[in-house]
Amino acid sequence: MLLTIDCGNTNTVFSVWDGMEVLATWRTSTEHMRTADQYFVWLSTLMRIKGVELNISDVVISSTVPRVVFNLRVLCDRYFQCRPLVVGKPECLLPVAPRVDEGVKPGPDRLANAAGAFERFGGDVVVVDFGTATNFDVVAHDGAYVGGVIAPGVNLSLEALHQGAAALPHVDISRPDKVIGTNTVECIQSGVFWGYIGLIEGITARIKQEYGKPMTVIGTGGLAPLFAQAENLFDRVEDDLTLHGLRVIHAYNKTNGIEDRT
C-alpha cells in the first residue's frame, strides 16, 4: 500500500492507495512543529476509523514547506520502515523532465500536477490549482511541465483585505446570488468570486493564445468545485490530481530501477 503526502503552505493531504485505487484521503493543517509521533497518532486513528489497514509499504512526498519534510521522513522510518520518495530531490525520477529556464526548480506540487494531468488527459493541458496561491501549470504534448502563472490565492486575498482595511470583516468565500452586493459581506464575496472568475478566464485565454494550440483546462484544489459553478471555466474538475500525480511519479520510479528504500 502506498501513502501519498501533499504538503502545501496551508494544508497537508494524506492519501492511501491500494494499487490504482485510493482507499481514503485526509487533510490537516500544515505545521512544521508537528512531530513524527503526532503524525502517526493522527493518521493511524483516522485509518482505524475508516477501516483501512495500517500496512504502508511505500511513501511519496510533495512538499512546498521544506521544514516539514524532516518529520515526515522520521514518520516513514520509525513507523513504516521505509525511506520516502521526495519529489524534487535528485534521486526522484520524473516521467518527463520539465522544460524551464536553466537553474529553475519547479515546485514539486507542479511537477505532480503535470504527471497526473498527462496520465489522465494527455498533453496540452492547463491545470488551475487552488491553494495558498492559485497556480496555472502548463503541460506540453509530451507531459513536460513547461511553465505557468502564480497568482495570490483566494483565501490569502481575503485575509489581506481583512488585515489591510480595518473596517472590512473577514468573510468566507462563496458564490453570491447577485453581482451587486447590498451589504459589506455580499460586496466582498462578489468582488472575490467574480474577480477570480475574471482572473481565471483571462489568464487561461492568454495562455491558450500564446501556446497556439487547443488546450484542456483542468481545475483542482479545494476551491475548484466552487469556481466550477461558473459556466465553461474548466473542462474537468479533478479533486485528487496532485495525489494522483504523486502515485504516477512513484510508479515510474518503481519501474525504472529505483533503489530499495526499505
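Placed above this text is the structure.
Residues numbered from 1 in each chain as written. Predicted model: local features only at pLDDT ≥ 70, side-chain atom pairs only at ≥ 80, totals over all residues. Heavy atoms only, no water.

Trainee: Outline the environment of Ser 57, supporting the account with residue identities and numerical values.
Mentor: Tracing the backbone through its elements, the reader meets Ser 57 in the loop between helix 1 (36-50) and strand 4 (58-63). Owing to a relative accessible area of 34%, Ser 57 belongs among the partly exposed residues under this scheme. Sequence separation between Ser 57 and Ala 224 is 167 residues, and the spatial gap between their C-alpha atoms is 31 Å. Leave out the neighbours within four places in its chain, and Ser 57 touches Met 1 and Cys 82. A distance of 3.1 Å separates a polar atom in the side chain of Ser 57 from a polar atom in the side chain of Asp 58. (Helix = DSSP H or I, 4+ residues; strand = E, 2+ residues; numbered from the N terminus. Buried < 20%, exposed > 50% of the residue type's maximum accessible area, 1.4 Å probe, protein only. Contact = heavy atoms within 4.5 Å. Polar contact = N/O pair within 3.5 Å; in protein donor to acceptor, adjacent residues only side chain to side chain.)

Trainee: With reference to specific residues and values, describe helix 1.
Mentor: Given a rise of 1.5 Å per residue, 15 residues ought to cover 21 Å, and the 21 Å separating the end C-alpha atoms of helix 1 matches this to within 8%. Along helix 1, the positions that sit buried rather than exposed are Ala 36, Tyr 39, Phe 40, Leu 43, Ser 44 and Met 47. Projected down its long axis, helix 1 shows its buried positions confined to an angular sector of 115°, all on one face. Relative to its buried face, helix 1 has exposed residues pointing more than 90 degrees away, namely Val 41, Arg 48 and Ile 49. Where helix 1 is buried, its residues contact strand 1 (2-7), strand 2 (11-18), strand 3 (21-29) and helix 2 (66-79). (Expected span 1.5 Å × (residues − 1). Arc of directions from axis to C-beta.)

Trainee: Help me get a handle on the sheet that holds strand 3, residues and values and all.
Mentor: The five strands are arranged 3-2-1-4-5 in an open sheet whose pairing can be described as mixed. In this open sheet, the two edge strands, each paired with only one partner strand, are strand 3 and strand 5 (85-86). Looking at chain direction, strand 2 and strand 3 are connected through eight bridges and run antiparallel. Bridging across to strand 3, Ser 15 finds its partner in Thr 25. Sitting on the sheet, helix 1 is in contact with strand 1, strand 2 and strand 3, with an inclination near 135° to strand 3. Lying on the sheet, helix 7 (residues 241-254) is in contact with strand 1, strand 2, strand 3, strand 4 and strand 5; it crosses strand 1 at an angle near 130°. (Pairing = 2+ DSSP bridges. Axes fitted to C-alpha atoms, helices over the stretch in contact; angles between N-to-C directions.)

Trainee: Break down the packing of aromatic side chains for me, citing the residues and quoting the values.
Mentor: Inspection of the entire model under this criterion finds nine aromatic pairs. With centroids separated by 4.9 Å and ring planes inclined at 90°, the aromatic side chains of Phe 193 and Trp 194 adopt a geometry described as edge-to-face. Residue Trp 194 is classed as partly exposed on the basis of its relative accessible area of 29%. Consider the rings of Phe 193 and Phe 227, whose centres lie 5.2 Å apart with planes at 10°: the pair is stacked. Placement of Phe 193 in helix 5 (residues 184-211) and of Phe 227 in helix 6 (residues 224-227) is noted, with a sequence separation of 34 residues between them. Among the aromatic residues, ring-to-ring pairing joins Phe 130, Phe 193, Trp 194, Tyr 196, Phe 227 and Phe 234 into one connected group. (Phe/Tyr/Trp six-rings, centres within 6.5 Å; stacked < 30°, edge-to-face > 60°.)

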